[in-house]
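# Summary of the model geometry
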Amino acid sequence: MAETRSHSHPRRARAIAGLWKALSGRRLVTLWHLSRIAGPLVHRLSRREREVTEINLDQVFPDQDGAERRRLARASLTHSTATMLELGFAWMGDPERVEAAILAVHGRELLDEARAEGRGVIVLAPHFGNWEVLNFWLSSHFPFTAMYEPPKIDELDAVTRHGRERMGASLVPTNPRGVAALLKALKRGEAIGILPDQEPDWGSGVFAPFYGRLAYTATLLPKLVARTEARVVTGVARRIPGRGFEIHFLSADERVYSPDEIESATGVNACVEASIALDPAQYQWEYKRYRKVIQQQEGHPEHRRFRLY
């Protein structure tokens, strides 16, 4: 699991937290309008986000017309901007307002059936839509545990942690102690959340196809399933621009239950692809999902030329 290196930036932290607080009471339609203004600016001025997004889209949608991919890149960065502006709403907004903004919950029976059988539930939560709204709903309705990495700015840790825990979620560290806590929660028949599309450290994953290209994928899931017989579902909060969100729980690809780590990781990536299919613009394409390459693992002397970024 990747480590986050934190730094102290008190003034920046106060400004960010102040912005979240100021936006927490705004209507979602207002936040969406702001995103539609700021998103194109991010696309134009933030070279790193634009280039990584466009490289990823070129890779995963090679048959799409170039103009369509560029339109999708702009739309994706607008949705990513919306997610950032909505953090105050999800973390600090009146809980009744946040709950009312969840317009529908599809597939809840997948969680209810697993819990009725006395099984724990592993929710694969990709970086799609607004995953903080998904955390809000899950922790409001079920005993819920998720791994937590402190933000890069030390002073935002308390704000972030409080926002994610305020409805009852239990946050555990991304280390062996945290894994032990996840196992205990599953054995109690509770729900836990895992980020399936975050690149792990070397030694904590395997290469498995994601849209046809090998991506280094975490192997925590098969270990948890093997020890608990938990059920796996994919969960996302799809944005309905200006109105709210719809929660979707999707049945997991059956390969996630394989004891073979590569087969299981292939199933995990298929689950992420299935959630993206709901609305590709709402996925966080600016993340360097293909940063590690198998040639590097194999010790190829020219492995850098195989990298996308």
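Note that this is a predicted model, so its numbers are computed, not measured.

With that settled, consider the overall build of the protein chain. Counting its secondary structure elements, the protein chain contains 13 helices and nine strands. In terms of C-alpha radius of gyration, the protein chain reaches 19 Å, essentially the compact-globule figure of 19 Å for 309 residues. Dimensions along the principal axes, computed over C-alpha positions, put the protein chain at roughly 50 × 45 × 40 Å. Excluding contacts between residues fewer than 6 apart, the proportion of contacts in the protein chain whose partners are at least 24 apart in sequence is 78%. Of the roughly 14500 Å² that the protein chain leaves accessible, carbon and sulfur atoms contribute 50%. Charged side chains in the protein chain number 43 positive and 38 negative. The centres of these two groups are separated by 6 Å.

Quick look at helix α12 (residues 261–276) now. With 16 residues, α12 extends 23 Å from end C-alpha to end C-alpha; this agrees with the ideal 22 Å at 1.5 Å per step. Among all positions in α12, only Ser264, Ala265, Thr266, Gly267, Val268, Asn269, Ala270, Cys271, Val272, Ser275 and Ile276 are buried. Turning to α12, the residues buried within the fold contact β2 (121–124), β6 (205–210), β7 (213–218), α11 (220–228), β8 (231–240) and β9 (244–251). The opening residue of α12 is Asp260, an N-cap whose side-chain oxygen sits 3.2 Å from the backbone nitrogen of Ile262.

Turning our eyes to something else, we now look at a nonpolar patch on the surface. A contiguous nonpolar surface patch, about 410 Å² in accessible area, is contributed by Leu34, Ile37, Leu41 and Leu45. Mapped onto the elements of the fold, Leu34 is located in helix α2 (residues 28–45). Residue class for Leu34 comes out partly exposed when judged on its relative accessible area of 37%.

Quick look at the nonpolar core now. Leu138 and Phe249 are the most contacted members of the largest nonpolar core, which totals 38 residues. Broken down by element, the residue count for this core peaks at five residues, all from helix α8 (residues 131–141). Ile122, Leu224, Ala230 and Cys271 belong to the second-largest nonpolar core, a separate cluster that totals 20 residues.

Our focus in this paragraph is the pairing of strand β4 (residues 170–173). For strand β3 (residues 144–148) and β4, the ladder comprises four bridges, and the chain directions are parallel. Of the residues in β4, the one forming a bridge with Thr145 is Ser170.

Two modes of strand pairing occur in sheets, parallel and antiparallel, and in both the strands are linked by backbone hydrogen bonds. Taken in spatial order, the seven strands make up an open sheet running β1-β9-β8-β2-β5-β3-β4, and their pairing is mixed. Two strands in the sheet have a free side with no partner beyond their single neighbour: β1 (102–106) and β4. Taking the axes of each pair of neighbouring strands and ignoring which way they run, one obtains an average angle of 25° across the sheet. One ladder, built from four bridges, connects β2 with strand β5 (residues 191–194); its direction is parallel. Considered in β5, the bridge of Val123 is made with Gly193.

Note: β6 against β7, six bridges, orientation antiparallel. Within the sheet, the bridge partner assigned to Val206 lies in β7 and is Thr217.

Conventions we followed
Residues numbered from 1 in each chain as written. Predicted model: local features only at pLDDT ≥ 70, side-chain atom pairs only at ≥ 80, totals over all residues. Heavy atoms only, no water. Helix = DSSP H or I, 4+ residues; strand = E, 2+ residues; numbered from the N terminus. Rg over C-alpha atoms; globule rule 2.2 N^0.38 Å. Contact = heavy atoms within 4.5 Å. Areas by Shrake-Rupley, 256 points an atom, 1.4 Å probe, with all protein chains shown as cover. Lys, Arg positive; Asp, Glu negative; His and termini not counted. Charge placed at Lys NZ, Arg CZ, Asp CG, Glu CD. Expected span 1.5 Å × (residues − 1). Buried < 20%, exposed > 50% of the residue type's maximum accessible area, 1.4 Å probe, protein only. Polar contact = N/O pair within 3.5 Å; in protein donor to acceptor, adjacent residues only side chain to side chain. Patch = residues over 30% accessible without salt bridge, like charges linked within 9 Å, V, L, I, M, F, W, Y side chains within 5 Å. Salt bridge = Lys/Arg side-chain N within 4 Å of Asp/Glu carboxyl O. Core = buried A, V, L, I, M, F, W, Y, C linked by side-chain atoms within 4.5 Å. Pairing = 2+ DSSP bridges. Axes fitted to C-alpha atoms, helices over the stretch in contact; angles between N-to-C directions.

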